[in-house]
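Chain and residue survey
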Amino acid sequence: MKQTEFSGAGCIENLKEILEKINSKNIFLVAGKNSYRTSGAEKILSEIILKDKTVTFFNDVTGDPLIETIIKGMDIFIESECDAVIAVGGGSVIDTAKSINILSSQDADPRSVIKGEVKIVNMGKPLIAIPTTSGAGSEATHFAVVYMKKEKYSLAHEYILPDYSIVDPVLTYHLQPNVTATSGIDAFSQSVESYWNVNANEESKRYSKEAITLILNNLNTAVNEPTKESRANMSAAAHLAGKAINITKTTAPHAVSYAMTSYFGIPHGQAVCITLAEFLEYNYNVTETDSAEGLSMTEVRNNIKDLIRLFNCSDPAQAKKLITDLIGSIGLKIKLSELNITSENDLKLICESVNLERLKNNPRNVTKESIAKILESIL
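What you see is a predicted model, and the numbers here were worked out from it, not measured in a lab. (Residues numbered from 1 in each chain as written. Predicted model: local features only at pLDDT ≥ 70, side-chain atom pairs only at ≥ 80, totals over all residues. Heavy atoms only, no water.)

1. A short note on the nonpolar core
For clarity, the threshold we go by: The set of buried Ala, Val, Leu, Ile, Met, Phe, Trp, Tyr and Cys residues whose side-chain atoms join them within 4.5 Å is what this entry labels a nonpolar core. In this scheme, a residue with accessible area under 20% of its type's maximum is buried, one over 50% is exposed, and one in between is partly exposed, where area comes from a 1.4 Å probe on protein chains only. Whether two residues are in contact is decided by their heavy atoms, any of which lying within 4.5 Å being enough.
In terms of nonpolar packing, the biggest core is built from 59 residues, with Ile185, Phe188, Met260, Phe311 and Leu375 touching the most fellow members. Once residues lying within four places of it in the same chain are set aside, the contact partners of Leu375 are Val256, Met260, Thr275, Leu336, Leu347, Ile350 and Cys351. Grouped together as the second largest cluster of nonpolar side chains are 28 residues, Cys82, Val113, Ile114 and Met148 included.

2. A word on the packing of aromatic side chains
The condition is simple: For Phe, Tyr and Trp, rings pair up if their centres lie within 6.5 Å, where Trp contributes its six-membered ring, and each pair is then called stacked (planes under 30 degrees apart), edge-to-face (over 60) or tilted (otherwise). What counts as a helix is a DSSP run of H or I of at least four residues, what counts as a strand is a run of E of at least two, and both are numbered from the N terminus. The criterion for a charge sitting over a ring is simple: Lys NZ or Arg CZ within 6 Å of the ring centre, and within 35 degrees of the ring normal.
Scanning all chains against the criterion turns up 5 aromatic pairs. Judged by centre distance (4.9 Å) and plane angle (55°), the rings of Phe28 and Phe77 are tilted. Taken together, the residues span a long stretch of sequence, with Phe28 in strand β2 (residues 26-31) and Phe77 in helix α4 (residues 67-80) at a distance of 49 residues. Among the residues examined, Phe77 registers a relative accessible area of 6% and is labelled buried. Consider the rings of Tyr36 and Phe57, whose centres lie 5.4 Å apart with planes at 40°: the pair is tilted. Note that Tyr36 is positioned in helix α2 (residues 35-38) and Phe57 in strand β3 (residues 54-58), a separation of 21 residues in sequence. By relative accessible area, which is 7% here, Tyr36 ends up buried. Phe57 gets classed as partly exposed once you look at its relative accessible area, which sits at 39%. Each residue in the set Phe28, Phe58 and Phe77 is aromatic and connected to the rest through ring pairs, giving one cluster. One Lys or Arg, Lys205, reaches over the ring of Tyr195 and ends 5.1 Å from the middle of that ring. Here Arg301 stacks its cationic end above the ring of Tyr284, 5.2 Å away from the centre of that ring.

3. Some points on unusual backbone geometry
Unlike most non-glycine residues, Asn312 shows phi in positive territory, near 60°. Turning to its location among the elements, Asn312 is positioned in the loop between α13 (297-310) and α14 (316-329). Accessibility expressed as a relative area gives 71% for Asn312, which makes it exposed. In this structure, Asn340 is a non-glycine residue whose phi angle is positive, near 65°. Within the fold, Asn340 resides in the loop between α14 and α15 (344-352).

4. Section: the packing of α4 against helix α5 (residues 91-104)
Applicable threshold: Fitted lines through C-alpha atoms give the axes, limited to the stretch in contact for helices. The angle between two N-to-C directions lies from 0 to 180 degrees. Angles below 35 degrees are treated as roughly parallel, those above 145 as roughly antiparallel, those between 65 and 115 as roughly perpendicular, and all remaining angles as oblique. Should the near helix be turned anticlockwise from the far one by less than a right angle, the crossing is left-handed, and should it be turned clockwise, the crossing is right-handed.
Contact pair α4 / α5: the axes reach a minimum separation of 9 Å and the direction vectors enclose 55°. Of the possible angle classes, the one that applies to α4 and α5 is oblique. Crossing hand, α4 versus α5: right-handed. Across from Thr69, Ile70, Gly73, Met74, Phe77 and Ile78 in α4, the residues of α5 making contact are Thr96, Ser99, Ile100, Asn101, Leu103 and Ser104.

5. Observations regarding the sheet that holds β3
Our working definition: Should DSSP find at least two bridges between two strands, the strands are taken to pair.
Spatial ordering of the open sheet is given by β1-β8-β5-β4-β2-β3, a layout of 6 strands whose pairing is parallel. Looking along the sheet, the strands with just one partner apiece sit at the ends: β1 (4-7) and β3. Each adjacent strand pair in this sheet contributes to an overall mean axis angle of 15°, direction not counted. On the sheet, α4 packs against β2, β3 and β4 (84-89) and is oriented at approximately 165° with respect to β3.

6. A look at the pattern of salt bridges
We apply this condition: Whenever a carboxyl oxygen of Asp or Glu lies within 4 Å of a side-chain nitrogen of Lys or Arg, that contact is scored as a salt bridge.
The full count for this structure, using the stated rule, is 10 salt bridges. Measuring nitrogen to oxygen at the nearest pair gives 3.9 Å for the salt bridge that ties Asp95 to Lys98. Of this pair, Asp95 and Lys98 both sit in helix α5, 3 residues apart, which is roughly one turn of that helix. For Lys98, a relative accessible area of 1% translates into the label buried. The closest approach of N and O atoms between Asp306 and Arg309, which form a salt bridge, is 2.6 Å. You can see Asp306 and its partner Arg309 sitting in helix α13, 3 residues apart, about one turn around the helix. Given the relative accessible area of 27%, Asp306 is considered partly exposed. Its relative accessible area of 52% is what places Arg309 among the exposed residues. Connected through shared salt-bridge partners, Lys33, Asp60 and Lys72 make up one network.

In structure tokens:
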């Protein structure tokens, strides 16, 4: 499926034209509890664009998309007989809307679809995704994260990709520094992981490189002294990062992060970035015997060298320092102990809960033992 994209300051006004094009009159609107108002989206949508529409508003969205929330939303969505879905918010909001939309169109139990026991066969209603953060890139992907009993699942199908994305940086102007930091560093991690990914191609690498350059030049400013330019560049970078992982998916840092979020309540971007520098070094030290299937040691190393040059660094050690300095400069932590992960049992829980699917995308084979060593090194 192909997506129609709108980007740039003020592009949210295109929503009116989109709704006319799809002839929508009864809208299911999924939004964040607070971000819908603080981003300015509520004023724009309710007073200008949606004033003559029937709108069913759903904002019972949690920090992570939970199956209970999705089923609740499905019940309301089906009962309301809406003809389109609009998602306005961060990654969790957009993922929740994606799941509600696609699962409501299937005849099977949603849990069976999420577990992969039943395939997705039916399209959902037209979906318009409008991010209010610059990080997840969910508006650009055909995935949707769902948590069931603290275990992370990922729905994946071309029908899940939103039909329209509206990336308007104006909606990020009032983001708090901590949200700007965690969402922005998530986009950075996605871009880096996509570049060294076993599934990377020329298109995904192009998106990754553009995103990385924009983030390195704008994230610190967007967090600490935000300008309209830095906000616009971070919005563009996050969308590019989303397009990159839509091709490749993510790798080891994301795989290791999910247990940190589920069991320790660590925000996703913080959980992802804390191992990024270590995995860059780990992947660079690949050997002929442990490179991922289909990739040679030389290919893996050359990809990491590309990243090091893109960072304007000379070697892996300097690149590691650049990453940790960036993380620290935006107020995030670089040690697990700073996040109340302190014991051997904590590390064991994380290792035992690693998302194996994401590990397959890493360019160097990863074992539980290698994860344990990395976690111990940043304790």
